[in-house]
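Next come the chains, spelled out residue by residue.
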Amino acid sequence: MRKSPKIGLVSLGCAKNLVDAQRLTSVLIAMGYEIENEYSKCDAVIVNTCGFIGPAVEESMQAIGEALNYSRKVIVTGCLGARAKVILDKYPQVAAVYGPGMRATVIRGIVSLVGTPDPSAAQSVNPSGILLTPPHYAYLKIAEGCRHHCSFCIIPSLRGPLRSRFSDAIYNEASDLVRRGVKELLVIAQDSSDYGMDLKKNKTSLSALLRQLSELKRWIRVHYVYPSDEADRVVDLMGEGLVLPYLDVPFQHVNPTILRSMKRPGNIEKTLRSIEKWRSVCPDIAIRSTFIAGFPGETEEQFNELLDFIKEAKLDRVGCFPYSDVDGATANTYLNPVDEQIREERAARLMELQAKISYDKLEARVGKEYQVLIDYVSDDGVAVGRSKYESPDIDGVISIPNTKDVQVGDLVKAVITGHDEHDMEASLVEKTTGSISFIKK
């Protein structure tokens, strides 16, 4: 039996990219390749890149350079791979460059570089594939690509138009994940609220899919729901207790002129009405959003409108990013670019304001009991997890000291005892039986 080639894989960027890496890893393991964490022991390395904004491109380029320090056989894929010239100009020695969604092509590249494993090394892989997340939660990608053409974004050119998966395939994947012990399903797409709009046969929608997934009796958390009638229907499901009361809706801005420049709908009055409606339907909803500060042409007055909105809307979680040119995006050509230092300063001002709002929001949770899904347990017995209001990696966490017999993936009940602007501390009440419930307290 010949030795199985060892493959290293690093994945950068968003959760959607992570899902691509999981699928690629699943195929490699099924074929008999070994996945190796140490570059020095690898026969080849795959770098799954992000190429959305400048800092992401820089991080991806650094990762490629690091891989090349250890291996001459490096394959680059992912979003930055769609801009092969950028990579090859700096690293002409890479073995191959492929864009996103080219899993079969990447596999052929690996085969050409290091050969195939002995057939006896082939392994059985679950239908839902290998998870690169902890085993108790998983991302469920329901669509690829995007039908929007926001002026600051190049996702449609990188990943193509909207391509929704059939609901039966999604449900079967989710069912397999549940059988494996997954307790939280994180539904993702570039715009989840667009799900199903491209399906001429088997017509469906995000809300219909979520209602179907709710039969699995697990936490269902939805990311990237754009303001729309479909968003309203998703909030209705939250009000019914079928979906976690957590709405991740990227507003980006509220000034009508800036939104038109961004090629996005909305204005401050309409957005505030939507938020009021969502909170009336589901009073315990947590709303998360992202914003861009310093978009080309943004005046101080327009930015102050955004600050006024933040004060009035009192969103639960907010991310704000200084505008960054994206190679190939329409906004790069806009007149009156905002000075980079002003962009940074505006983003910092917004986040400073939001920190005060977040502090007050978390103060209101002190003394209340929540079900907490444990993500990590330290050697000294501190369990770290999340409630229905927090998503992994992007939101705050809940730390529970002095835990005994609590393990990663457990569901516990805990009372919030303290907090800062983003994270909380709690005291353990009890472990649960493992059943999922929404504790509305």
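Source: prediction; values computed, not measured. (Residues numbered from 1 in each chain as written. Predicted model: local features only at pLDDT ≥ 70, side-chain atom pairs only at ≥ 80, totals over all residues. Heavy atoms only, no water.)

Participant: Please explain a negative patch on the surface as it appears in this structure.
Facilitator: A surface patch of like charges, here negative, comprises Asp420, Glu421, Asp423 and Glu425. One can find Asp420 in the loop between β17 (411–419) and β18 (424–431). We classify Asp420 as partly exposed; its relative accessible area is 34%. (Patch = residues over 30% accessible without salt bridge, like charges linked within 9 Å, V, L, I, M, F, W, Y side chains within 5 Å. Areas by Shrake-Rupley, 256 points an atom, 1.4 Å probe, with all protein chains shown as cover. Salt bridge = Lys/Arg side-chain N within 4 Å of Asp/Glu carboxyl O. Lys, Arg positive; Asp, Glu negative; His and termini not counted. Charge placed at Lys NZ, Arg CZ, Asp CG, Glu CD. Helix = DSSP H or I, 4+ residues; strand = E, 2+ residues; numbered from the N terminus. Buried < 20%, exposed > 50% of the residue type's maximum accessible area, 1.4 Å probe, protein only.)

Participant: How should I be thinking about the side chain of Ser151 in this particular structure?
Facilitator: Structurally, Ser151 can be placed in the loop between β7 (143–144) and α5 (155–159). A polar atom in the side chain of Ser151 sits 2.6 Å from the backbone oxygen of Ser261. If near-sequence neighbours (up to four positions away) are discounted, Ser151 is found in contact with Ser261, Met262, Lys263, Phe295, Ala329, Thr330, Ala331 and Tyr334. (Polar contact = N/O pair within 3.5 Å; in protein donor to acceptor, adjacent residues only side chain to side chain. Contact = heavy atoms within 4.5 Å.)

Participant: How should unusual backbone geometry be read in this particular structure?
Facilitator: Residues other than glycine predominantly adopt negative phi, and peptide bonds predominantly adopt the trans conformation. At Lys263, a residue that is not glycine, the phi angle is positive and equals roughly 65°. A residue is classified by how much of its surface remains accessible, and Lys263, at 48% relative accessible area, is partly exposed. Phi at Asp405 is positive, roughly 60°, even though this residue is not glycine. A residue is classified by how much of its surface remains accessible, and Asp405, at 67% relative accessible area, is exposed.

Participant: Hey, could you run me through the nonpolar core in this one?
Facilitator: Nonpolar side chains in soluble globular proteins tend to be buried together. Counting 56 residues, the largest nonpolar core has Leu210, Leu213, Trp278 and Phe309 as its most contacted members. Considering every element that reaches this core, the biggest residue donor is helix α11 (residues 300–313), with six residues. Non-local contacts of Leu210, meaning those with residues more than four positions away in its chain, are made with Val187, Ile220, Val222, Val234, Leu237 and Val243. Residues Tyr39, Val74, Val76 and Tyr91 belong to the second largest nonpolar core, which totals 18 residues. (Core = buried A, V, L, I, M, F, W, Y, C linked by side-chain atoms within 4.5 Å.)

Participant: Can you walk me through the pattern of salt bridges in this structure?
Facilitator: Opposite charge on two side chains permits them to pair, given that their charged atoms come into close proximity. Across all of its chains, the model carries 26 salt bridges by this definition. Among the ionic pairs, Asp327 bridges to Arg83, the shortest N-O distance being 3.2 Å. One end of the pair, Asp327, is in the loop between β13 (317–322) and α12 (340–363); the other, Arg83, is in the loop between β4 (74–78) and α3 (84–90), with 244 residues separating them in the sequence. As a salt-bridge pair, Asp316 and Lys361 come within 3.6 Å of each other at their nearest N and O atoms. On the criterion of sequence distance, the pair formed by Asp316 in the loop between α11 and β13 and Lys361 in helix α12 is long-range, its members being 45 residues apart. Accessibility expressed as a relative area gives 17% for Asp316, which makes it buried. Members of the salt-bridge network, linked through shared partners, are Glu298, Glu300, Glu345, Arg346 and Arg349.

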